[in-house]
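A closer look at the structure
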Amino acid sequence: MKIVERGILAQGVPGTDRAVMTFPSLVALSSGELLGTCRAGSSKDADDECPELYRSDDGGRSWSTRTRPWTAPEIEGMKGTLKICYLTETSPGNLLAASMWIDRQTYPGQGLFNLKTEGCLPMAILLAESDDEGNTWSSWRVVPMPEEVGPPSLTSPVFQLGDGSLGLSIESNKTYRDASKWYQKVVFFRSLDGGLSWGDPIVVGEDLSGRIFNWDQRVGVAADGRIVTFLWTYDNETRQYLNVHRRLSSDRGETWSAAQDLGFPDQPAHPAMLPDGRVVLAWVDRYQTHSIRARLSADIDAPFDPASEVVLYTHQEPSSQDFPQDDTGELLGEMSLWIFGLPFAEVLPDGDVIIVYYAGSNHSMSCYWVRLNPNA
């Protein structure tokens with residue numbers, strides 16, 4: 001692979017409600033237009049956060065003036081914010097937006113994670129539709145979640161399977177004041193009616209001992225219908241991040257393979273699924289090389305070729321993220337200080353791959369794009 005171009009999706013503006021731009025994502029529409037979203041806020045975890053929408057008609061080389069088409073609704077009388085917004089084109093021109101809503105009223109002024117209990121603020125998953133390529137949107141509706149999931153984290157866009165059904169990847173959490181042992185898991189929901197209703201959760205990643213956590217599950221669907229997931233894994237006993245792990249499903253998510261260690265650390269991106277079956281996967285290595293890198297595999301179950309590796313970003317300045325914290329609660333708190341990461345990849349109509357990520361300082365972060373030629 002070869003990097004062919006670079007640019008900026010969203011520029012952070014210090015001292016404003018757009019100082020910290022994070023959670024970038026992309027979707028290439030059947031019309032050829034490229035849509036991008038990212039989260040704006042005065043800090044990494046702020047009461048003024050809001051997702052923004054961008055458009056490009058030249059493959060991401062230039063972007064339109066931002067818009068803010070979504071506002072956070074009140075849920076059960078509580079005010080909140082929208083942390084993430086992912087877009088999926090379910091049919092030409094028809095989009096499904098999935099967002100993670102954070103309750104900012106039950107525990108006013110508190111951060112997303114409780115450092116003492118490892119719990120998090122109340123959250124909800126919201127969906128909205130557009131039938132005009134994202135120019136107008138329906139009202140948000142809440143996706144009901146079983147109590148066993150706890151506050152739900154949204155880890156990938158809604159994805160479409162070969163039979164037309166939809167999939168939703170959700171990560172479990174503890175409630176804010178729950179000081180009991182955390183048995184974390186990531187689950188998969190399936191909808192047969194376009195997202196109006198969802199089936200029972202299917203466990204994709206779980207350690208019944210509570211030692212290994214499966215975070216940030218990123219999902220890709222191959223042309224033959226197989227599903228691949230990439231997971232950020234963490235050892236809760238040794239307080240260490242492990243390598244990226246991969247799981248596969250050949251039956252629309254009903255069953256999953258055992259986790260496979262891919263041999264590189266630590267936080268995976270949403271993958272780019274090329275039409276010929278190849279996969280481009282970016283990942284964040286915070287504790288060794290302090291960089292964002294990407295590799296290419298020949299198929300969803302094939303090794304990622306080290307010879308194909310490219311470096312997308314290298315962080316030059318030392319920071320508090322260079323070393324893991326003493327306990328998981330402190331580590332979760334440190335997430336608000338991390339100043340580069342969350343890559344997201346998408347295939348472009350011309351066969352190139354574009355990857356977005358955020359980087360900057362504690363005072364200001366921006367979202368950047370890198371264009372790759374996977375054939376070079």
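In the block above lies the structure referred to throughout.
Procedures and definitions
- Residues numbered from 1 in each chain as written.
- Predicted model: local features only at pLDDT ≥ 70, side-chain atom pairs only at ≥ 80, totals over all residues.
- Heavy atoms only, no water.
- Buried < 20%, exposed > 50% of the residue type's maximum accessible area, 1.4 Å probe, protein only.
- Helix = DSSP H or I, 4+ residues; strand = E, 2+ residues; numbered from the N terminus.
- Pairing = 2+ DSSP bridges.
- Polar contact = N/O pair within 3.5 Å; in protein donor to acceptor, adjacent residues only side chain to side chain.
- Contact = heavy atoms within 4.5 Å.
- Phe/Tyr/Trp six-rings, centres within 6.5 Å; stacked < 30°, edge-to-face > 60°.
- Lys NZ or Arg CZ within 6 Å of the ring centre and 35° of its normal.

Now for the pairing of strand β11 (residues 166–171). For β11, a buried count of 6 out of 6 residues is recorded, marking the element as mostly surrounded by other parts of the structure. In this sheet, β11 lies alongside strand β9 (residues 153–154) in antiparallel orientation, the contact comprising 2 bridges. Residue pairing in the sheet places leucine 154 in a bridge with isoleucine 170 of β11. Judged from the 2 bridges that link them, strand β10 (residues 159–160) and β11 form a sheet pairing that is antiparallel. By the bridge assignment for β11, phenylalanine 159 is matched with glycine 167.

Moving on, we get to the side chain of glutamate 33. Note on placement: glutamate 33 falls in the loop between β2 (20–28) and β3 (34–41). A distance of 3.0 Å separates a polar atom in the side chain of glutamate 33 from a polar atom in the side chain of arginine 55. Setting aside residues up to four positions removed in sequence, glutamate 33 forms contacts with Val27, Ala28, Arg55, Ser56 and Glu133.

Take the pairing of strand β15 (residues 227–235) next. Counting buried positions over the 9 residues of β15 gives 9, a clear majority of the element. Side-chain alternation along β15 places Ile227, Thr229, Leu231, Thr233 and Asp235 on one buried face and Val228, Phe230, Trp232 and Tyr234 on a second face that is also buried. Of the pairings in the sheet, the one linking strand β14 (residues 212–221) to β15 comprises 8 bridges and is antiparallel in character. Residue pairing in the sheet places tryptophan 215 in a bridge with tryptophan 232 of β15. Taking the residues between adjacent antiparallel strands as the criterion, β14 and β15 are bridged by 5 residues, where glycine 225 takes a positive phi near 95°. Across 5 bridges, β15 lies against strand β17 (residues 245–249) in antiparallel orientation. Residue pairing for β17: threonine 229 is matched across the bridge by arginine 247.

Further remarks concern the sheet that holds strand β7 (residues 123–130). The strand order across the open sheet built from 4 strands is β5-β6-β7-β8, with neighbouring strands paired in antiparallel fashion. Among the strands making up the open sheet, the edge pair consists of β5 (80–91) and β8 (141–142). Sheet topology note: the strand β6 (residues 94–103)/β7 ladder contains 8 bridges and is antiparallel. Pairing of methionine 100 across the sheet is with isoleucine 125, part of β7.

Turning our eyes to something else, we now look at the environment of leucine 312. Structurally, leucine 312 is set in strand β23 (residues 304–314). As for leucine 312 and aspartate 131, which are separated by 181 residues in sequence, their C-alpha atoms are 35 Å apart. Dropping the residues within four chain positions of it, leucine 312 is found in contact with Ile3, Arg6, Ala282, Ile292, Arg293, Ala294, Ile355, Tyr357, Val370 and Leu372.

Take the side chain of threonine 155 next. Within the secondary structure, threonine 155 sits in the loop between β9 and β10. Taking the relative accessible area as the measure of exposure, threonine 155 reaches 2% and is therefore buried. In this structure the side chain of threonine 155 is engaged in a polar contact, spanning 2.7 Å, whose partner is the side chain of serine 169. Separated by 2.8 Å, the side chain of threonine 155 and the backbone oxygen of glutamine 217 make a polar contact. Setting aside its immediate chain neighbours within four residues, threonine 155 contacts Tyr86, Ser169, Ile170, Glu171, Asp216, Gln217 and Arg218.

The next subject is the packing of aromatic side chains. The relation between two aromatic rings is expressed through the spacing of the ring centres and the mutual angle of the planes. Tallied over the full model, the rule gives 21 aromatic pairs. Over the ring of tyrosine 183 we find lysine 181, and its NZ or CZ is 5.7 Å from the ring centre. The ring of phenylalanine 340 carries arginine 286 above its face, with NZ or CZ at 5.6 Å from the centroid.

A word on unusual backbone geometry. Following proline 265, the chain continues to aspartate 266 via a peptide bond in cis, the omega torsion being -15°. Of note, aspartate 266 is situated in the loop between β18 (260–261) and β19 (267–268). A positive phi angle, near 50°, is found at phenylalanine 23, a position not held by glycine. The backbone of glutamate 133 shows a phi angle near 60°, a positive value even though the residue is not glycine. Secondary-structure assignment places glutamate 133 in the loop between β7 and β8.

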